[in-house]
Amino acid sequence: MSRKIVQGVPMPSWPMRIFKGFVLLIFCAVVIIPFVGVISTSVAPNKQINESGGLVLLPKSINFSAYESLFAGGVVTRALFVSIFVTIVGTLLSLTVSCLLAYALARPGFSAGRPILLVVLFSMLFSPGIIPLYLTVKGVGLLDSIWALIVPTMISAFNVVVLRAFFMNLPNEITESARIDGAGELKTFSYIVLPLSKAVLSVIGLFYAVAYWNAFFSALLYLNDSKLWPLQLVLRTYVINDTQLGSAELGTELLPPQASIQMAILVVSIVPILIIYPFLQRHFAKGVLTGAVKG
Amino acid sequence: MLQRSSKHPQQRLTLGQRLLRDRVLLLFALPGTALIIAFHYVPLLGNVIAFKDYQPFLGIGASDWSGWANFSVIFNGDPAFLRALKNTLILTGLQSVFVFPAPILLALLLNSLFSERIKRIAQSILYLPHFMSWVIVVALFQQMLGGSGLLNNYLRSHDLTTIDIIGNSELFHVLLTSQIIWKDTGWATILFLAALSQIDSQLYEAASVDGASRMKQLWHVTLPGLRGIIILLFILRLGDSLTVGFEQIILQQQAVGRDVSEVLDTYVYNNGVLGGAWGVAAAVGLVKGIVGVILVLTANKVAHMFGEQGVYQR
């Protein structure tokens with residue numbers, strides 16, 4: 001990936017370099033400032049929030065009262081559990097199903113490999129449409145069930161293609177020797193192939209996890225019961241639509257200002273991604289490129 | 001015997017025997033394939049309700065056929081449908097002009113940096129918004145640009161006129177476009193940076209020996225090196241051109257009203273899932289899907305005519 005410094009090409013002039021640095025700095029600031037503002041406001045003291053009329057960029061002191069009321073067992077706590085459940089269970093199921101399919105498709109000489117591969121590839125060309133998809137989910141009885149957030153989006157054809165490309169690049173000799181030693185497909189897959197694929201498994205796993213954590217569309221479409229809402233729907237209702245969160249929803253008497261509660265909900269939904277981001281980042285360029293090049 | 005069977009191991013087996021031999025692999029492939037068929041191909045069949053007078057309590061099978069009646073909103077140019085189509089096309093246009101080239105420019109900027117370290121730090125920052133959900137992005141924009149947002153607070157405290165950007169129907173299309181740029185420009189540079197790193201450095205050396213300035217090198221070496229990937233991504237983009245951000249728009253529809261915010265996808269959702277006009281909504285969705293596939297196929301053909309690889313061969 002890294003570009004070597006090209007010999008014989010003159011270094012750009014100083015004004016040019018300063019100009020580039022400046023442009024880049026502005027871009028990065030535009031990305032970072034919203035996050036800083038949100039995190040600061042969520043921990044800022046009430047007085048400062050009221051004075052500033054909304055967002056705070058630098059809190060004068062730090063208090064966690066907004067978080068205390070969020071985690072007191074009300075709407076947000078429940079949504080957090082739903083989101084965590086959907087993300088963990090969904091990611092595990094997605095990874096299992098995708099890896100099994102990708103491994104079968106990567107095996108040379110698998111008699112049904114070609115038709116199944118075509119089924120996978122063609123599904124990437126079109127999307128089924130909102131209405132028929134809704135009716136299908138309704139038809140299999142998933143409406144108003146937490147599984148509606150997992151099952152319809154459990155497998156992504158793109159991720160299967162990336163995994164397959166990775167499995168196909170593993171040296172053939174390794175699986176062959178396992179076979180000669182008497183290992184069946186399941187043994188070869190779980191003891192030889194999977195341990196060699198940790199890098200791609202972590203990338204694809206994290207892609208799935210981010211998708212589950214961020215899922216808003218399926219929740220909006222399939223869930224009427226607000227008890228099943230994941231974090232993203234709570235975020236929409238109480239932050240974007242600005243519905244007031246009272247003590248009934250929060251399950252606590254003590255009420256910090258709306259602004260800091262709203263910002264705390266935002267932070268709660270951002271932080272998990274910020275935590276996995278460094279791990280994700282190490283591998284993702286490679287993972288994305290395998291998919292793009294080999295697809 | 002052993003030699004012969006290892007040379008042509010498959011010739012002696014019938015299809016049934018081969019499938020029996022591969023039963024473990026078939027079992028491996030089963031759950032994933034079943035899910036793709038159930039949630040991608042079966043709904044495709046569900047599109048028949050576009051030709052039916054669908055009654056939820058009767059089910060798809062028992063509902064009456066209605067011929068092309070559901071398509072009349074399209075053929076007769078129903079105002080609500082035309083409004084959705086118009087907004088979709090405006091947004092597609094804005095995205096092609098502003099969203100599409102943005103990552104190319106940013107990738108060129110990142111690629112021209114001489115410090116690997118600065119480049120890497122900038123990349124980690126610029127990729128981040130891609131991993132945020134639309135709900136978070138919309139909420140962040142509200143906090144920054146809304147009535148009591150950071151921008152207006154600043155303007156107010158300096159006695160300047162405040163501007164209402166969120167909830168302003170005139171600026172809505174611009175707002176949507178800038179949200180997409182904020183969210184995905186950094187991430188989209190990945191592919192362009194990879195393509196840039198593939199360009200042979202000898203081409204640059206040769207060009208500079210021939211006396212080409214840096215601008216000339218950009219024009220004659222860098223941009224031709226990016227041509228393949230730019231065309232490929234543009235074709236893929238074309239296939240999605242009638243899909244302009246369902247989540248992003250539905251989140252903000254309340255604030256500005258349907259006049260400027262209704263697009264084909266929200267039309268389908270609002271009329272079908274919320275309004276109960278299942279058949280009409282399915283008809284619009286079906287036409288949209290078909291047009292999308294036709295656009296990809298056509299664009300691919302055009303790419304081949306220009307000698308480019310396109311999405312798939314031939």
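What counts and how
Residues numbered from 1 in each chain as written. Chains lettered and ligands numbered in written order. Predicted model: local features only at pLDDT ≥ 70, side-chain atom pairs only at ≥ 80, totals over all residues. Heavy atoms only, no water. Phe/Tyr/Trp six-rings, centres within 6.5 Å; stacked < 30°, edge-to-face > 60°. Helix = DSSP H or I, 4+ residues; strand = E, 2+ residues; numbered from the N terminus. Buried < 20%, exposed > 50% of the residue type's maximum accessible area, 1.4 Å probe, protein only. Core = buried A, V, L, I, M, F, W, Y, C linked by side-chain atoms within 4.5 Å. Domains from an automatic or database assignment. Contact = heavy atoms within 4.5 Å. UniProt positions renumbered as here; feature names shortened; annotations may be inferred. Expected span 1.5 Å × (residues − 1). pLDDT = per-residue confidence, 0-100. 1 Å grid on protein atoms, 1.4 Å probe; cavity = no way out; pocket = protein on both sides within 12 Å on 5 of 7 lines; lining within 4 Å. Points joined across faces, edges and corners; volume = space filled by probe spheres on them. Nonpolar A, V, L, I, M, F, W, Y, C, P; charged D, E, K, R; others polar.

(A) Summary view of the packing of aromatic side chains. Residues and elements named next belong to chain B. Taken as a whole, this structure holds 23 aromatic pairs over all chains when the rule is applied. Residues Tyr54 and Trp278 carry aromatic rings whose centres are separated by 6.1 Å and whose planes lie at 80 degrees to one another, so their mutual orientation is edge-to-face. Linking Tyr54 in the loop between β1 (52–53) and α4 (59–62) with Trp278 in helix α17 (residues 278–305), this pair joins segments that are 224 residues apart in sequence. Grouping residues by exposure puts Tyr54 and Trp278 together as buried.

(B) The nonpolar core, seen in detail. All names here are of chain A. Ranked by internal contacts, the top residues of the largest apolar core, which has 175 residues, are Leu101, Ile131, Phe167, Ile265 and Leu266. The greatest single-element share of this core, amounting to 16 residues, is contributed by helix α4 (residues 75–106). Counting contributing residues per domain, this core is built from domain 1 (1–62) and domain 2 (64–294), each supplying no fewer than three.

(C) Unusual backbone geometry, seen in detail. Residues and elements named next belong to chain A. Its identity as a non-glycine residue notwithstanding, Asp144 has a phi of 55 degrees, on the positive side. Mapped onto the elements of the fold, Asp144 is located in the loop between α6 (130–139) and α7 (157–169). Look at Asp242: it is not a glycine, yet its phi comes out positive at around 60 degrees. A relative accessible area of 45% places Asp242 in the partly exposed class.

(D) Just the environment of Phe246 of chain B, in detail. With respect to the helices and strands, the residue Phe246 of chain B is situated in helix α14 (residues 246–256). Residue classification places Phe246 of chain B among the buried residues on the basis of a relative accessible area of 8%. Spatially, the C-alpha atom of Phe246 of chain B lies 9.8 Å from that of Trp134 of chain B, the residues being 112 residues apart in sequence. The contact partners of Phe246 of chain B, leaving out residues within four places of it in the chain, are Ile130, Phe217 and Leu220 of chain A together with Asp265, Thr266 and Tyr269 of chain B.

(E) Main features of the UniProt feature "transmembrane region" (unreviewed entry) in chain B. Residues and elements named next belong to chain B. According to UniProt, the feature "transmembrane region" (unreviewed entry) maps to residues 24–42, 89–113, 125–145, 180–197, 218–236 and 277–297 in the numbering used here. The span residues 180–197 is 100% helical and 0% strand by assignment, and the distance between its end C-alpha atoms comes to 26 Å. Taken as a whole, residues 277–297 contains 95% helix and 0% strand, while its terminal C-alpha atoms sit 31 Å from one another.

(F) Focus on α4 of chain A. Helix length check: α4 of chain A, at 32 residues, gives a terminal C-alpha distance of 45 Å against a target of 46 Å (1.5 Å per residue), a fit within 8%. Along α4 of chain A, 23 of the 32 residues are buried, which leaves the element largely enclosed by surrounding structure.

(G) Broad picture of the confidence of the model for chain A. Residue and element names in this part refer to chain A. Per-residue confidence for chain A gives a mean pLDDT of 85, with 91% of residues at or over 70. Confidence, read as mean pLDDT per element, is least for helix α13 (residues 247–250) in chain A (72) and greatest for α4 (95). Note that residues 1–8 has pLDDT below 50 and, in this model, 13 contacts with residues that lie over four places away or in other chains.

(H) Layout of the layout of surface pockets. As a volume, the second largest pocket reaches approximately 890 Å³. Around the second largest pocket, the lining is made up of 32 residues, and of these Leu105, Leu106, Leu108, Leu109 and Ser112 of chain B lie nearest the centre. Here the lining of the second largest pocket takes seven residues from helix α1 (residues 14–43) of chain A, the largest share from any one element. A breakdown of the residues in the lining of the second largest pocket according to their chemical character gives 22 nonpolar, seven polar and three charged.

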